[in-house]
Amino acid sequence: MSVGRQIGFWVAALVGFLVFLYVFSGILLPFVAGMILAYLLDPVADRIERLGINRLIAVLIILAAFVVLFVLVLILVLPIVGHQLAALLRSLPGYVTSLQDFVSRHIDSAGQLPTMLGMQPTDLKSSLGGLLTQGAQWLATMLTSIWSGGQALLSVLALLVVTPVVAFYMLLDWDRMVLEIDGWVPRRSLDTVRQLAREMDEGVSGFIRGQVSVCLILGAYYAIGLTIVGLDFGLLIGIFIGMISFIPYVGATIGMVLSMGLAVAQFWPEWPMIAAVAAVFAFGQFVEGNVLQPKLIGEHVGLHPVWLMFALFAFGSLFGFVGMLIAVPAAAAVGVLARFAIGRYLTSPFYTGGPRSDPG
């Protein structure tokens, strides 16, 4: 097969895969979640199997433990989160009013600052008040969407039934499927394909396992820290920060802005309490940037934050939540293939102007 026909085949396969995702994105969530769960738990199953335990028994033990833990979390945490979310939606207009009063008082005390900015004080108040109102409406819409989505998620038993079943069969047959796919690879390209697959696996597994750990630790830290300092809805905000911390910089930034706004509305004029909320985030950012990210994720993953954010938003926009689940593997795969293509280009006669230095 010529190079042109090979490229055409892989482009057609990619287009077909994307069309499949787009058409069936509404029903793929439990299947994709099951595959990801099997991928993450396969090393655990391999370790148990090396202890002399049958693969089937090892898989049953792992999935049973995971399902029990998942159900316990839902039973213990979900009612509290639901209560706080409903209370926040009820209290949000009052917080917005308090923030608008805070802004108005400080604009009045700012003297000539509005004039220096080229605006009248009344115009500046109106603009900032409108900004706060729009931000509150966006937050209320987002929280309502999360709440209704969570309710729908729980009402649909697919995630609780289909996902463990898919994960069970995928985990049981994972090694056999890998060997089967390995047998389909053209023999003359086997070493190259295996090397690319290893690099993709290292990038995806390293990032996902490390990032899940970071999200869990940050979510617990912010939930406990904000609750201890007395911030209303601190548990809800901490869990929310943990859930979106997989998006670089976005989770902590949104959480900090939301928390500081609530702190001003709740505690003003008690500056020490507002400073305590800021200190929680300052310490959390220090630990995340200097301890958690280097130790749990590290530089070996090879996913640049900008590229990762683009992949998450692009796939999420195209395919919804399913797209966000596959965004990280897709970003890692594209990164590995791009580095491979650049390496081949740098050793090609087109670049060097001479005979190719790496014929493999």
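The structure under discussion appears in the preceding block.
Notes on the structure follow.

**A word on the side chain of E288**
Along the chain, E288 turns up in helix α11 (residues 271-297). Judged by relative accessible area, which is 12%, E288 ranks as buried. In this structure the side chain of E288 is engaged in a polar contact, spanning 3.1 Å, whose partner is the side chain of Q285. Contacts of E288, omitting those with residues within four sequence positions, involve L218, Q293 and P294.

**Some details on the packing of helix α9 (residues 234-244) against helix α10 (residues 250-267)**
One way to put it is that α9 packs onto α10 with a least axis distance of 8 Å and a crossing angle of 160 degrees. Viewed along their axes, α9 and α10 adopt a mutual orientation that is roughly antiparallel. Where α9 crosses over α10, the two elements pack in a sense that is right-handed. Contact residues: I237, F240, I241 and I244 in α9; G251, I254, G255, L258, S259 and L262 in α10. The residue makeup of the contact of α9 with α10, split by class, is 7 nonpolar, 3 polar and no charged.

**Considerations on the packing of aromatic side chains**
Each pair of aromatic rings is reported with the distance of its centres and the angle of its planes. Counting across every chain of the model gives 7 aromatic pairs. Ring geometry for F315 versus F319: centroids 6.0 Å apart, planes at 50 degrees, classification tilted. Of this pair, F315 and F319 both sit in helix α12 (residues 305-346), 4 residues apart, which is roughly one turn of that helix. Accessibility assignment for this pair places F315 and F319 in one class, buried.

**Some remarks on the packing of helix α8 (residues 190-228) against α9**
Packed helices, taken two at a time, are described by their axes: the angle between them and the distance between them. Look at α8 against α9: their axes get within 7 Å of each other, and the N-to-C directions meet at 160 degrees. By the angle between their directions, the pair α8 and α9 is classed as roughly antiparallel. α8 and α9 meet at a crossing whose hand is right-handed. Within the contact between the two elements, α8 uses C215, G219, Y222, A223, L226 and T227 and α9 uses G234, L235, I237, G238, I239, I241 and G242. Counted by class, the contact of α8 with α9 contains 8 nonpolar, 5 polar and no charged residues.

**A short note on the nonpolar core**
Counting residues in hydrophobic clusters, the biggest one holds 65 residues, and the most contacted among them are L63, L226, L231, I237 and V277. Of all the secondary structure elements, the ones that give two or more residues to this core are α2 (29-50), α3 (55-108), α6 (158-172), α8, α9, α10, α11 and α12. At 12 residues, α12 tops the list of elements feeding residues into this core. Non-local contacts of L63, meaning those with residues more than four positions away in its chain, are made with L37, L41, P164, A167 and F168.

About the thresholds
Residues numbered from 1 in each chain as written. Predicted model: local features only at pLDDT ≥ 70, side-chain atom pairs only at ≥ 80, totals over all residues. Heavy atoms only, no water. Helix = DSSP H or I, 4+ residues; strand = E, 2+ residues; numbered from the N terminus. Buried < 20%, exposed > 50% of the residue type's maximum accessible area, 1.4 Å probe, protein only. Polar contact = N/O pair within 3.5 Å; in protein donor to acceptor, adjacent residues only side chain to side chain. Contact = heavy atoms within 4.5 Å. Axes fitted to C-alpha atoms, helices over the stretch in contact; angles between N-to-C directions. Parallel < 35°, antiparallel > 145°, perpendicular 65-115°, else oblique. Left-handed = near helix turned anticlockwise from the far one by under 90°. Nonpolar A, V, L, I, M, F, W, Y, C, P; charged D, E, K, R; others polar. Phe/Tyr/Trp six-rings, centres within 6.5 Å; stacked < 30°, edge-to-face > 60°. Core = buried A, V, L, I, M, F, W, Y, C linked by side-chain atoms within 4.5 Å.

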